[in-house]
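Take a look at the letters that make up each chain.
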Amino acid sequence: MTWLATVRFATFVTANVFAIIVMGVSAGLISLTEPAFYYKFAALALATSLLTLFTTIPMFVIDSLRQGSFLSWIATELGWLTVLWILWLSSASYAAWTDGQIDGFFSEESSCNFGVFGDDDISSGCHEIKAIMAFAFLTWILRT
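The structure presented is a predicted model; accordingly, all values stated were derived computationally and were not measured.

The rules behind the values
- Per chain, residues are indexed from 1 in the order of the written sequence.
- Two thresholds apply to this predicted model, a pLDDT of at least 70 for residue-level local features and 80 or more for giving and counting side-chain atom pairs, whereas whole-chain, interface and lining totals are computed over all residues.
- Neither water nor hydrogens contribute to the side-chain values; these are computed over all heavy atoms in the structure.
- Runs of H or I in DSSP of at least four residues are treated as helices and runs of E of at least two as strands, each being numbered from the N terminus.
- Classification of residues uses two cut-offs on accessible area relative to the type maximum, computed with a 1.4 Å probe and protein chains only: under 20% is buried, over 50% is exposed, and between them is partly exposed.
- Between two residues, a contact is recorded if the distance between any of their heavy atoms is within 4.5 Å.
- Note on areas: these come from Shrake-Rupley sampling with a 1.4 Å probe, and a residue is covered only by the protein chains present in the view.
- Any Lys or Arg side-chain nitrogen found within 4 Å of a carboxyl oxygen on Asp or Glu counts as a salt bridge.
- In summary, the pairing rule links any two rings of Phe, Tyr or Trp, Trp by its six-membered ring, whose centres are within 6.5 Å, and it sorts them by plane angle into stacked for under 30 degrees, edge-to-face for over 60 and tilted for everything else.
- Charge over a ring is defined by NZ of Lys or CZ of Arg lying within 6 Å of the ring centre and within 35 degrees of the ring normal.
- For the purposes of this section, nonpolar cores are sets of buried Ala, Val, Leu, Ile, Met, Phe, Trp, Tyr and Cys residues that join through side-chain atoms within 4.5 Å.

A. Examining the overall build of the chain more closely. For the chain, the helix and strand inventory stands at four helices and zero strands. Ordered by position in the sequence, the α and β elements of the chain form the string α-α-α-α. Here the chain holds 144 residues, and the buried ones make up 33% of them. For the chain, restricting intrachain contacts to residue pairs at least 6 apart in sequence, the fraction spanning at least 24 positions comes to 73%. Carbon and sulfur atoms provide 71% of the accessible area of the chain, an area that totals close to 8,400 Å².

Structure follows, in structure tokens:
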């Protein structure tokens, strides 16, 4: 394997691991808030992570097993990874915007410091927002 194929494999694997993390955390946040409402950025992050997992794994496996297939074309891979790049950037920026709105509403100090509103569900939801935001930004940077 050449160094370029090794780097490509490492970025695919790392992006898929991050997508699994975002999928779990965003599904947890949706289940935490779903009886009353749900955050739209969490649904976007969940959809983006599922799209990443359901498309890049078969793309890489088919490319490894069969040379010259439609999924092996550079234009196909570049086009689809660009779509995923836009979706990851959208998920990360929407999570960051939501985090800024929540921090500005509850406290002016450090984030996730809610004072009298210090419920465990609120605190864990705040940390889940930050985890989604962090891993979505990391996946977006990795796709760049």
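After that view of the structure, there is still more to cover.
B. Region of interest: the pattern of salt bridges. Across all of its chains, the model carries three salt bridges by this definition. The partner of Asp63 in a salt bridge is Arg8, and the shortest N-O contact between them spans 3.0 Å. Taken together, the residues Asp63 in helix 2 (residues 40-65) and Arg8 in helix 1 (residues 3-33) connect sequence positions 55 residues apart. On the basis of relative accessibility, which here comes to 23%, the residue Arg8 falls in the partly exposed class. Here Asp99 and Lys130 are joined by a salt bridge, their closest N and O atoms 2.7 Å apart.

C. Molecular detail of the packing of aromatic side chains. Counting across every chain of the model gives nine aromatic pairs. Ring centres 5.3 Å apart and planes at 90° place the aromatic pair Phe37 and Tyr39 in the edge-to-face group. Members of the aromatic cluster, each reached through a chain of ring pairs, are Phe37, Tyr39, Phe41, Tyr94 and Trp97. The aromatic ring of Phe12 is capped on one face by Arg143, whose charged end is 5.7 Å from the ring centroid.

D. Quick peek at the nonpolar core. In terms of nonpolar packing, the biggest core is built from 21 residues, with Leu29, Phe41, Trp88, Ala95, Ile129 and Ile132 touching the most fellow members. Among the elements of the structure, helix 1, helix 2, helix 3 (74-106) and helix 4 (120-143) are those that each provide at least two residues to this core. Apart from the residues lying within four places of it in its own chain, the contact partners of Ile132 are Val22, Val25, Ser26, Leu29, Phe41, Ala45 and Ala95.

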